[in-house]
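Structural description and commentary
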Amino acid sequence: GGVTAVPRLLRRKKPGTGYIFNIILSLGLIVGSLMVLEGLLRPGIRIAAEVKARQIVVSVINQAVKDIMVDETVSADLVAIHKDSQGRVVLMQPNTVKINRLVAITTLHVQEALSDLSQASFSFPLGEAVNSPLLSSYGPAIELKLRPTGSARIELEDRFEAAGINQTRYSIYLIIESEVVLLTPVLSQDVKVATTLPLTETIIVGEVPAAYLQLAK
């Protein structure tokens, strides 16, 4: 009879230290590359996030003020104009009581609108961080959250400005300031936002009145 072959048991070779070292080295290179890439992109992400945050906050403030100003019972007759018998403006008199009331209402409404930002989430494409118009709309979305800090502040400013031949524009502006903390997966930063919005304006034809009651600030 023939000789029966005995099957040999093949043992799987254990990975050598060189193989394990190569894996560790590859992972290290990947992690290191990602860290370098993050470091290179971080300044661009900070700038893009700040721009986006300012756009959002200014838009919210503008809409909040607009919501208040559509009510004419609040926004009308903020400046009284007194004329002489010849129709010339002789006195400009801001209605400080009504203006201060309007500022108080607007401050509260702006603060409420900014507080609502905490419940929202925004994003912008990573391409905006590389400062390239061609790539600004591409790349994965970077999540952005905003957290208001402190209270909105409103100051008043009035100006006389040339508005044409023999015409002067008298305007009262709201200067609104607020602060938010922007949060992204790679950084957080405080951002101060300020915007100036017209409250009311009056066109004066002829000479600017000699008598003018300055707006209390």
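Below: a short report on this structure. (Residues numbered from 1 in each chain as written. Predicted model: local features only at pLDDT ≥ 70, side-chain atom pairs only at ≥ 80, totals over all residues. Heavy atoms only, no water.)

**Some words on the sheet that holds strand E6 (residues 188-205)**
Across the sheet, which stays open at both edges, the 4 strands sit in the order E3-E4-E5-E6 with antiparallel pairing between neighbours. If you trace the sheet from one side to the other, it starts and ends with strand E3 (122-125) and E6, each paired once. On average, adjacent strands in this sheet sit at an angle of 40° to one another, irrespective of strand direction. Strands in contact with helix H3 (residues 96-115) are strand E4 (141-164), strand E5 (167-183) and E6; relative to E4, the strand with the most contacts, it is inclined by about 155°. (Pairing = 2+ DSSP bridges. Helix = DSSP H or I, 4+ residues; strand = E, 2+ residues; numbered from the N terminus. Axes fitted to C-alpha atoms, helices over the stretch in contact; angles between N-to-C directions. Contact = heavy atoms within 4.5 Å.)

**Focus: the side chain of Thr106**
Note on placement: Thr106 falls in helix H3. Residues in contact with Thr106, not counting those within four places in the same chain, are Val65, Ile68, Ile154 and Leu174.

**Topic: the packing of aromatic side chains**
If you walk through the whole model with that rule in mind, you get 1 aromatic pair. Plain terms: the ring middles of Phe160 and Tyr170 are 4.9 Å apart, the flat faces sit at 40° to each other, and that makes the pair tilted. Of this pair, Phe160 sits in strand E4 while Tyr170 sits in strand E5; the two residues are 10 residues apart in sequence, bridging distant segments of the chain. Across the ring face of Tyr173, the terminal group of Arg159 is positioned such that the distance to the ring centre comes to 4.1 Å. (Phe/Tyr/Trp six-rings, centres within 6.5 Å; stacked < 30°, edge-to-face > 60°. Lys NZ or Arg CZ within 6 Å of the ring centre and 35° of its normal.)

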